[in-house]
Amino acid sequence: MSEVEDLYQEMILEHAKRPRNFGPLDGHSHHAVGRNALCGDHLKVYLILDGDLVKDIHFEGDGCAVSKSSASLMTEALLGKTVAEADALFAKFHAVVTGQPDASADGLGKLAVFSGMSKFPVRVKCATLSWRTVQAALHQKSDPVSTE
Ligand code: ZN
């Protein structure tokens, strides 16, 4: 393993052991549940939106080191972002972890630690689970459906 890969591995394990923004979030405006049956990862994401700004974001659940550290690093990355910025960041992250030929880890910051995942297709689902869950939380209709 290269020095960079070593460093990435270390950060993934550190976040898996000590996840940031972990636990329920009182007064959340959005939430969703995500499951990766293939690996057994399950998590719940909570958000507080102020307009279209992510004012707070938490997650809880359990799973492999990749899914937990990805969720932890994602909460750090999305805090203070707009919904549009969150969508754009996920698109970039997804392109990198799935190994799209024109993908670049530039601008991903710490999320670049998952750039090696494209070599492990099974792990891609673990790395993207929390992001898919946030997408579901942000883009579900939050107003109660009226039948009148
Ligand atoms: Zn997993």
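Within any chain, residue numbers begin from 1 and follow the written order of that chain's sequence. For a predicted model such as this one, the threshold for reporting local features is a pLDDT of at least 70, and the threshold for listing and counting side-chain atom pairs is 80 or more; totals across whole chains, interfaces and linings nevertheless cover every residue. Only hydrogens and water are removed before side-chain values are computed, so all heavy atoms of the structure are retained for them.

A few words on the packing of aromatic side chains. Each pair of aromatic rings taken from Phe, Tyr and Trp, with Trp reduced to its six-membered ring, is defined by centres within 6.5 Å and is described as stacked if the planes are under 30 degrees apart, edge-to-face if over 60, and tilted in the remaining cases. The tally for this structure, following the rule as stated, stands at four aromatic pairs. Between Phe90 and Trp131 the ring centres are 5.9 Å apart and the planes differ by 15 degrees, which places this aromatic pair in the stacked class. Residue Phe90 is located in helix α3 (residues 83-97), and its partner Trp131 is located in helix α4 (residues 121-139); the two are separated by 41 residues in the primary sequence. For the pair Phe90 and Trp131, a shared accessibility class is recorded, and that class is buried. Judged by centre distance (5.0 Å) and plane angle (25 degrees), the ring pair of Phe93 and Trp131 falls under stacked. Remark: Trp131 occurs in helix α4 and Phe93 occurs in helix α3; sequence separation between them is 38 residues. A connected cluster of aromatic rings, assembled from ring pairs, spans Phe90, Phe93, Phe114 and Trp131. Here a strand is any run of E in DSSP of at least two residues, a helix any run of H or I of at least four, and the numbering for each starts at the N terminus. Working definition: with a 1.4 Å probe on protein chains only, accessible area under 20% of the residue-type maximum means buried, over 50% means exposed, and in between means partly exposed.

For helices, the fitted line uses only the C-alpha atoms of the stretch in contact; every axis is such a line through C-alpha atoms, and the angle between N-to-C directions lies from 0 to 180 degrees. Following both chains from N to C, one finds helix α2 (residues 65-78) and α4 inclined at 40 degrees, their axes separated by 8 Å at the closest point. In terms of orientation, α2 lies oblique with respect to α4. Seen along the crossing, α2 lies across α4 with a hand that is right-handed. Note on element contacts: α4 touches α2 through Arg123, Cys126, Ala127, Ser130, Trp131 and Val134, opposite Val66, Ser67, Ser70, Ala71, Met74 and Leu78. Here is the rule for angles: anything less than 35 degrees is roughly parallel, anything more than 145 is roughly antiparallel, 65 through 115 is roughly perpendicular, and the remaining ranges are oblique. Working rule for handedness: look at the near helix, and if it is turned counterclockwise from the far one by less than a right angle, call the crossing left-handed; if clockwise, right-handed. The contact rule is simple, with two residues in contact once any of their heavy atoms fall within 4.5 Å.

By convention a nonpolar core is built from buried Ala, Val, Leu, Ile, Met, Phe, Trp, Tyr and Cys residues, the set being connected through side-chain atoms within 4.5 Å. Ile57, Leu78, Phe93, Leu111, Phe114 and Trp131 are the most contacted members of the largest nonpolar core, which totals 37 residues. Breaking this core down by element, the ones donating at least two residues are β2 (41-50), β3 (53-62), α2, α3 and α4. Broken down by element, the residue count for this core peaks at eight residues, all from α4.

Geometric values such as these leave the question of function open.
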